[in-house]
Amino acid sequence: MATRETIVIDGSVLEGGGQILRNGMALSCLLRLPIKVDKIRAGRDKPGLRPQHLTGILLVRDLCGGKLVGATEGSTEISFTPSKNQGGNFKADTKTAGSTCLLIQVALPCLVLAQQPSVLDLRGGTDASMAPPVDYFSQVFLPIASRFGFNVEIQLIKRYDLHLSLVTSLMGDL
């Protein structure tokens, strides 16, 4: 693959939270474009990567076999160079009540083009504040995603207590 210019993303744009980081990582993985995100969560009381953000970007790195630099708690800048979306079995644990649904949000786009079905064992909060609850994903988002051929099953092991299993199957040709 030819070397592509790194896209620089300002993490302080709009509300300056974690969403721009999640979107940037997922799109980087899908498009196989290297990114640099600076000023991560600059609009928050505690800027930089918190455990749940770090867990999400490490998961994306693993999903697409990418190279991630600067990924430490509190970091306000990361660089990411994706490789090929792999699929398979992955585990991500925020070690906090950080939202598993936000982990799903950053991981699912990466799995769209994976070469094999995937199982994600996600641990964190299921109904965290400032994040979609697990019931929204299972009852609203997933039925809509299935209309587009993306088959996902969520197995909630224990509500509120850090364990959610996500199973995807291949979408076929897009």
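As shown above, the structure is provided for reference.
Residues numbered from 1 in each chain as written. Predicted model: local features only at pLDDT ≥ 70, side-chain atom pairs only at ≥ 80, totals over all residues. Heavy atoms only, no water.

Caption draft 1: Region of interest: a nonpolar patch on the surface. A cluster of nonpolar residues, Y136, V140, F141, I144 and F148, forms a patch on the protein surface that exposes about 480 Å² of accessible area. Exposure remark for F148: the relative accessible area of 64% places this residue in the exposed category. (Patch = residues over 30% accessible without salt bridge, like charges linked within 9 Å, V, L, I, M, F, W, Y side chains within 5 Å. Areas by Shrake-Rupley, 256 points an atom, 1.4 Å probe, with all protein chains shown as cover. Salt bridge = Lys/Arg side-chain N within 4 Å of Asp/Glu carboxyl O. Buried < 20%, exposed > 50% of the residue type's maximum accessible area, 1.4 Å probe, protein only.)

Caption draft 2: How the structure looks around the pairing of strand β5 (residues 88-93). Note: β5 against strand β6 (residues 118-123), six bridges, orientation parallel. Its bridge partner lying in β6, K91 is registered against D121. At this point the chain moves from β5, through helix α3 (residues 100-111), to the parallel β6, and the crossover so formed is right-handed. (Pairing = 2+ DSSP bridges. Helix = DSSP H or I, 4+ residues; strand = E, 2+ residues; numbered from the N terminus. Right-handed = clockwise from strand over helix to strand, strands pointing away.)

Caption draft 3: A look at the nonpolar core. Formed by 38 residues in total, the largest nonpolar core has its most connected members in M25 and I78. No other element matches α3, which puts eight residues into this core. Beyond its immediate stretch of four places on either side in the chain, I78 contacts L21, M25, I35, K36, V37, I40, L49, I57, L68, V69, G70 and A71. (Core = buried A, V, L, I, M, F, W, Y, C linked by side-chain atoms within 4.5 Å. Contact = heavy atoms within 4.5 Å.)

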